[in-house]
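For reference, the chains in residue letters:
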Amino acid sequence: MTGHSDSRQQDERRNIPRTDELLRLPETKAARLRLAEHALKALIKGVVGRAQRAEIAPQDVRAEVARVLASARPYSLRPVLNATGVIVHTNLGRASLPEVAKAALCDAASYTDVEMDLPAGVRSKNRGRGAISALLAACPGAEDALVVNNGASALLLATAALAPQQEVIISRGELIEIGAGFRLPELIESSGTRLKEIGATNRTHLSDYKSALSTHTGAILKVHPSNFRIEGFTTSVDVPQLQQLLKRHNKQLGASGERVHLIVDLGSGLLVPDPALPEEPDLQAQLASGADVVIASGDKLLGGPQAGIILGTKEALSKIKKHPLARAVRIDKLRLNALEAAINAPSNAVQDSLHIDLAEYEGRTQDIAAAVGGQVTTHAGRVGGGGAPEYPLEGFAVSLPEQFAQHLRTGEPAVLPRVHQGQCLVDVRCIPPAQDAQLIDAILAAQQALAAQGEK
């Protein structure tokens, strides 16, 4: 029986259309307006491979090729409705850009005057001046600014420029690991800068910093913890105390000594205090307290694209801008334009989600639950992305059976819910009201798919 079955499958495979024939289909010709030849061939070979594995019948190959090509795009990232309640969701690309920033991306996608003085007709040295001016206007405590590729590259550049081949003093409680397993000590030391660890995980005193200062010290680095909190028997030293310590130390060095700088890495990018996040430090306050340089990410609480933001004194920024690494970590024109737009916009998706109207939020949740047969439950949201770690945001969610989650993630549009304690929780905090109808349709489609599975 097995021999006859194998023979029959081989006979059927002979009927699979050839790749060159499929490349001549009218649907393939139409798809060439959107897809390069190598992309077309890869998609067609994928369909042929499925037929060779008997996943589809040979007579269905042409129709399947037409279907696949009709929906194919020259890029793979998919839009996702963020129903997790986490505002700055790293796995979803962190901040969702405001509409003006999306328009700025499009405007910068073609030729633009990123390094061109159009009136003079010569090359300009003011690359990124618009974004820098917007940052300085939004955070007037800074004397100068620089924008680079991301937060990690900003920290790498700042330490390399301000403490070249020198020591950077850091508390052991701030030796953190950032996303994807990258650890700050390894990142900083990759430039040749040496870290001098002081204190203990839970307690670091001003005397620890004072004892560590020497002629080999280039900077003191203070890092805001990301995604965790240390509570209980703890002690830490704040920026004003460190500033006073360095003021006395630098005075003792005199004019002949190289100044020791105070670098503060906040990460989350809160420009000014926000009453919704009372425990989250802001850039303006750190600069006012005496930090020479403050570092943050552009795609977190600031609500812009991926970017590394460096704000500080003219003296410190001058050194940073002149360092050779500054060229290696330079940001592209698209994100420069989008960052400027996000800073100058009256609001953005991060702030809208953080300061959401609770009555409207609950009403939307109730309407969606009624439309899909779910239950409304309280659900604490989060800032995410290392901002305000463990700080709950009052909220609500539609509770559905856990089986809904996979169908929502793989549906169209894709919806990412939160799975918690056997429930699929759909939180609309980060979903614009205009997309509620899409969300309802996605949940109903998942419901139908589960019902079809049950019938089988």
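Positions within a chain are numbered from 1, following the residues in the order the chain's sequence is written. Reporting in this predicted model follows two pLDDT cut-offs: at least 70 for local features of residues, and 80 or more for side-chain atom pairs to be given and counted; totals over whole chains, interfaces and linings ignore these cut-offs and use all residues. Computation of side-chain values covers all heavy atoms of the structure but excludes hydrogens and water.

What is the right way to look at the overall build of the protein chain in this model?
Helices and strands together make up the secondary structure of the protein chain, namely 19 helices and 15 strands. Seen through its C-alpha atoms, the protein chain measures out along the principal axes to roughly 90 × 55 × 50 Å. Each residue's exposure class comes from its accessible area (1.4 Å probe, protein chains only) as a fraction of the maximum for that residue type: buried when under 20%, exposed when over 50%, partly exposed otherwise. The 456 residues of the protein chain split such that 45% are buried. Every residue pair with non-hydrogen atoms within 4.5 Å of one another is taken to be in contact. The contacts of the protein chain with a sequence gap of at least 6 include a subset with a gap of at least 24, amounting to 74%. Throughout, the Shrake-Rupley method with a 1.4 Å probe supplies accessible areas, and for residues the shown protein chains are the sole cover considered. Put simply, the protein chain shows about 23400 Å² of open surface, and 51% of that area lies on carbon and sulfur atoms. By definition, any uninterrupted DSSP run of H or I lasting at least four residues is a helix, any uninterrupted run of E lasting at least two residues is a strand, and each is numbered from the N terminus.

Even after reading the chapter, I still don't get the packing of aromatic side chains, so can you show me in this structure?
To describe a pair of aromatic rings, you give the distance between the ring centres and the angle between the ring planes. Classification of ring pairs rests on two measures: the distance between centres of Phe, Tyr or Trp rings, Trp counted by its six-membered ring, which must be within 6.5 Å, and the angle between planes, read as stacked under 30 degrees, edge-to-face over 60 and tilted in between. Under the defined criterion, the tally for this structure stands at one aromatic pair. Their ring planes at 75° and their centres at 5.4 Å tell us that Y361 and F396 sit as a pair that is edge-to-face. Note that Y361 is positioned in helix 17 (residues 358-372) and F396 in strand 12 (residues 396-401), a separation of 35 residues in sequence. One exposure class covers both Y361 and F396, and it is buried. Directly above the ring of F233 sits R203, whose terminal nitrogen or CZ lies 4.0 Å from the centroid. Whether a charge sits over a ring depends on NZ of Lys or CZ of Arg being within 6 Å of the ring centre and within 35 degrees of the ring normal.

What is the right way to look at the environment of Q421 in this model?
Structurally, Q421 can be placed in the loop between strand 14 (418-420) and strand 15 (423-426). With 380 residues separating them along the chain, Q421 and K41 place their C-alpha atoms 45 Å apart.

I would appreciate a short explanation of the UniProt feature "modified residue: N6-(pyridoxal phosphate)lysine" (unreviewed entry) in the protein chain in the present structure.
Per the UniProt entry, the sites bearing "modified residue: N6-(pyridoxal phosphate)lysine" (unreviewed entry) are K300 in this numbering. Inspection of the secondary structure assignment puts K300 in the loop between strand 9 (293-297) and strand 10 (308-312). Classification of K300 by relative accessible area gives buried; the value is 9%. Residues within four places of K300 in sequence aside, it is in contact with V88, R94, A95, G267, S268, V350 and G385. UniProt positions are given in the numbering used here, feature names are shortened, and annotations may be inferred rather than shown by experiment.

How should the environment of P324 be read in this particular structure?
Within the secondary structure, P324 sits in the loop between helix 13 (314-322) and helix 14 (325-328). Sequence separation between P324 and C424 is 100 residues, and the spatial gap between their C-alpha atoms is 50 Å.

What is the right way to look at the side chain of D436 in this model?
As for its placement among the helices and strands, D436 is situated in helix 19 (residues 436-455). On the basis of relative accessibility, which here comes to 12%, the residue D436 falls in the buried class. A polar contact of 2.7 Å, which involves the side chain of D436, links it to the side chain of R364. Sequence-distant contacts of D436, defined by excluding residues within four places in its chain, comprise R364, I368 and I431. Think of a polar contact as two N or O atoms within 3.5 Å of one another; within protein, one of them needs to be a possible hydrogen donor and the other a possible acceptor, and neighboring residues in sequence only count if both atoms come from side chains.

Teacher, can you tell me more about the packing of helix 7 (residues 129-138) against helix 15 (residues 333-344) here?
Packed helices, taken two at a time, are described by the angle between their axes plus the distance between the axes. Lines are fitted to the C-alpha atoms to define the axes, a helix being fitted only along its stretch in contact, and any angle between axes, read from their N-to-C directions, falls within 0 to 180 degrees. Axis separation between helix 7 and helix 15 bottoms out at 8 Å; the angle between their running directions is 25°. Taken together, the axes of helix 7 and helix 15 lie roughly parallel to each other. Two packed elements cross with a definite hand, and for helix 7 against helix 15 that hand is left-handed. Taken together, the residues of helix 15 that come into contact with helix 7 (itself represented by G130, A131, A134, L135 and A138) are L336, L339, E340, I343 and N344. In these notes the angle categories are as follows: under 35 degrees is roughly parallel, over 145 is roughly antiparallel, 65 to 115 is roughly perpendicular, and the rest is oblique. The hand of a helix crossing depends on one turn: near helix anticlockwise from the far one by less than a right angle means left-handed, and clockwise means right-handed.

What is the right way to read the sheet that holds strand 11 (residues 375-378) from this model?
Within a beta sheet, neighbouring strands are joined by backbone hydrogen bonds and run either parallel or antiparallel to one another. One requirement defines pairing of two strands: DSSP has to find at least two bridges between them. The four strands are arranged 11-12-15-14 in an open sheet whose pairing can be described as antiparallel. With partners counted over all chains shown, the strands left at the sheet margins are strand 11 and strand 14, one partner each. Taking each pair of neighbouring strands and ignoring which way they run, the sheet shows an average axis angle of 40°. Relative to strand 12, strand 11 runs antiparallel, the two sharing four bridges. From the neighbouring strand, Q375 faces strand 12, where its bridge partner is S399. Against the sheet, helix 17 makes contact with strand 11 and strand 12, and its axis sits at roughly 20° relative to strand 12, the strand it touches most.

Would you take a moment to explain the UniProt feature "domain: L-seryl-tRNA selenium transferase N-terminal" (unreviewed entry) in the protein chain for this structure?
UniProt tags residues 13-50 as "domain: L-seryl-tRNA selenium transferase N-terminal" (unreviewed entry). Split by type, residues 13-50 is 66% helix and 0% strand. Its first and last C-alpha atoms lie 11 Å apart.

Please clarify how the pattern of salt bridges should be interpreted in this entry.
Side chains bearing opposite charge may pair, as long as their charged atoms lie close to each other. By convention in these notes, a salt bridge is any Lys or Arg side-chain nitrogen within 4 Å of a carboxyl oxygen on Asp or Glu. Tallying each qualifying case throughout the model produces 23 salt bridges. Taking the shortest distance from any N to any O, the salt bridge between E64 and R67 comes out at 2.7 Å. Of the two residues, E64 and R67 are both situated in helix 5 (residues 61-71); the distance of three residues between them amounts to about one turn of the helix. For E64, a relative accessible area of 13% translates into the label buried. The partner of E315 in a salt bridge is K319, with the nearest N and O atoms 3.5 Å apart. Placement of both E315 and K319 in helix 13 is noted, with a separation of four residues, approximately one turn of the helix. Accessibility expressed as a relative area gives 34% for E315, which makes it partly exposed. K319 sits in the partly exposed class, given a relative accessible area of 27%.

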